[in-house]
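# Breakdown of the fold
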Amino acid sequence: MSINIIRHLQIILILISLPLSAIVRADSAAMVEGLQLPVWLERNGIRHSLTLGMSLQQQDTVETGPGARLLIQLGDGSLVKLGENASLTLAELEPAASSQGIFSSLLNVVRGAFRLTTAKLARQRKSNLEINIASLTLGVRGTDVWGKAAGNRDIVCLIEGHIEVEDNANDTTFEMTQGLTFYIAPHGKPPLPVQPVPSAKLKEWSQETDLTEGMGILRGDGGWTVHLLSFPKREAANDARQELSKAGYAAVVRQALSSGATWYRVSIPGFVNKTEAQAFQANIIGKFGITKPWISWRKS
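Remember, predicted model here, so these are calculated numbers, not experimental data. (Residues numbered from 1 in each chain as written. Predicted model: local features only at pLDDT ≥ 70, side-chain atom pairs only at ≥ 80, totals over all residues. Heavy atoms only, no water.)

### Looking at the overall build of the protein chain
Along the protein chain, the regular secondary structure elements total 6 helices and 21 strands. Looking at the 300 residues of the protein chain, the share that counts as buried comes to 43%. Within the structure as shown, the protein chain displays about 15,400 Å² of accessible surface, and the carbon and sulfur contribution to it stands at 53%. (Helix = DSSP H or I, 4+ residues; strand = E, 2+ residues; numbered from the N terminus. Buried < 20%, exposed > 50% of the residue type's maximum accessible area, 1.4 Å probe, protein only. Areas by Shrake-Rupley, 256 points an atom, 1.4 Å probe, with all protein chains shown as cover.)

Next comes the structure, spelled out in structure tokens:
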């Protein structure tokens, strides 16, 4: 057997041994790591529910509904959090071709609160990260930053690191290098000066974008499933799944046997623990014709 064939076999064996998520990450510029429903993805003019583990592409727009949260991991390992009733467009998204390459992204925060925390590895590599928050443009340089497009004002809070801020509405550019400071640009009014952020305010803002315990957290390693509906016909189950998808709830259809008969369950898997599954179970009752949802562990 030639050396080349042996090497190819070794590569195949390595890929087989890796989890699917690890293989996908290698070519993904962004991936959905966690969420609280409802959330949507708009791609090429088509809008449907966003799912765990989904790879995101350039020009994708993600949206969150009331009480929802979204956690995205960028290709350089940095994390993007999105709060409720928010909209974020991945205007540019280019993964580094190698460990020596440059990861580039431009994130447009259309509305709502976000937080970007760059990974330690990303801080050691070349990257070009920019964020637009309505009238503000941020150049991110190894940073933990929170911001919000609040309708009547734009807010940026530097938690750690360094950002370059361009206030397009007021035609000013400056740097923020002192952590735990914030800047507010009211629409139609002069901006407020950069000032220290009170610890209580920082906690309040952080809670706007963090996944909230007891609100139905879904993660890729979550092993709990909430079963919403069950039908004797697959077509009816698919119709229910599509209705849920339009409303921002990523459900799946699974076949199951009950008392010798085949049923098709419409379910949402991935809740991190029983408490999160129960919280979602209680909240979904009375919606979409759901009256008696039940939960289970793993794929049962």
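### Quick notes on the side chain of Glu63
Along the chain, Glu63 falls in strand β4 (residues 61-64). A polar contact is formed between the side chain of Glu63 and the side chain of Arg47, at a distance of 2.9 Å. Excluding residues that lie within four positions of it along the chain, Glu63 makes contacts with Pro38, Val39, Trp40, Glu42, Arg47, Ala86, Ser87 and Arg111. (Polar contact = N/O pair within 3.5 Å; in protein donor to acceptor, adjacent residues only side chain to side chain. Contact = heavy atoms within 4.5 Å.)

### Thoughts on the pairing of strand β14 (residues 172-176)
Strand direction decides the pairing type here: strand β13 (residues 163-167) and β14, joined by 5 bridges, are antiparallel. Among the inter-strand pairings, Ile163 is bridged to a residue of β14, identified as Met176. (Pairing = 2+ DSSP bridges.)

### Looking at the environment of Tyr264
Positionally, Tyr264 belongs in strand β20 (residues 261-271). You can call Tyr264 buried: its relative accessible area is 13%. The spatial distance from the C-alpha of Tyr264 to the C-alpha of Ala237 is 6.2 Å, given a sequence separation of 27 residues. In this structure, Tyr264 is in contact with Leu229, Ser230, Phe231, Pro232, Lys233, Arg234, Ala237, Val253, Arg254 and Gln255, ignoring residues within four places of it in sequence.

### Brief notes about a negative patch on the surface
Taken together, Glu92, Glu94, Glu130, Glu166 and Asp171 make up a surface patch of like negative charges. Relative to the helices and strands, Glu130 is located in strand β9 (residues 127-133). (Patch = residues over 30% accessible without salt bridge, like charges linked within 9 Å, V, L, I, M, F, W, Y side chains within 5 Å. Salt bridge = Lys/Arg side-chain N within 4 Å of Asp/Glu carboxyl O. Lys, Arg positive; Asp, Glu negative; His and termini not counted. Charge placed at Lys NZ, Arg CZ, Asp CG, Glu CD.)

### Examining the environment of Ala185
Checked against the element boundaries, Ala185 lands in strand β15 (residues 181-186). As a C-alpha pair, Ala185 and Leu136 span 49 residues in sequence and 8.3 Å in three-dimensional space. For Ala185, the residues in contact, after removing those within four places along its chain, are Leu136, Arg153, Asp154, Asp167, Asn170 and Pro191.

### Some points on the pattern of salt bridges
Oppositely charged side chains are able to pair whenever their charged atoms sit close together. This model, assessed by the stated rule, comprises 8 salt bridges. Asp60 is paired through a salt bridge with Arg43; the nearest N and O atoms lie 2.7 Å apart. Placement of the pair is Asp60 in the loop between β3 (46-49) and β4 and Arg43 in strand β2 (residues 39-43), with a sequence separation of 17 residues. On the accessibility criterion, Asp60 (1% relative accessible area) is buried. Put simply, Arg111 and Glu63 hold a salt bridge, and the shortest N to O gap is 3.8 Å. Of this pair, Arg111 sits in strand β8 (residues 103-117) while Glu63 sits in strand β4, and the two are 48 residues apart along the sequence. Residue Arg111 is classed as partly exposed on the basis of its relative accessible area of 36%.

### Some remarks on helix α4 (residues 199-209)
Residues of α4 that are buried include every one of Leu202, Trp205, Ser206 and Thr209, and no others. Taken down its axis, α4 places every buried residue within 100 degrees of arc, on the same side. Turned more than 90 degrees away from the buried face of α4, the exposed residues are Ala200 and Lys203. (Arc of directions from axis to C-beta.)

### Description of helix α5 (residues 234-246)
When the terminal C-alpha atoms of α5 are compared, their 19 Å separation across 13 residues agrees well with the 18 Å that a helix rising 1.5 Å per residue should span. Taken together, the buried positions of α5 are Ala237, Ala240, Leu244 and Ser245. All buried residues of α5 project into a common sector of 140 degrees when viewed along the axis, lining one side. Within α5, the exposed residues directed more than 90 degrees away from the buried face are Glu235, Asp239 and Lys246. Each element contacted by the buried residues of α5 is listed here: β2, β3, β18 (224-231), β19 (252-258) and β20. Directly after α5, the chain includes Gly248, whose backbone phi takes a positive value near 95 degrees. (Expected span 1.5 Å × (residues − 1).)

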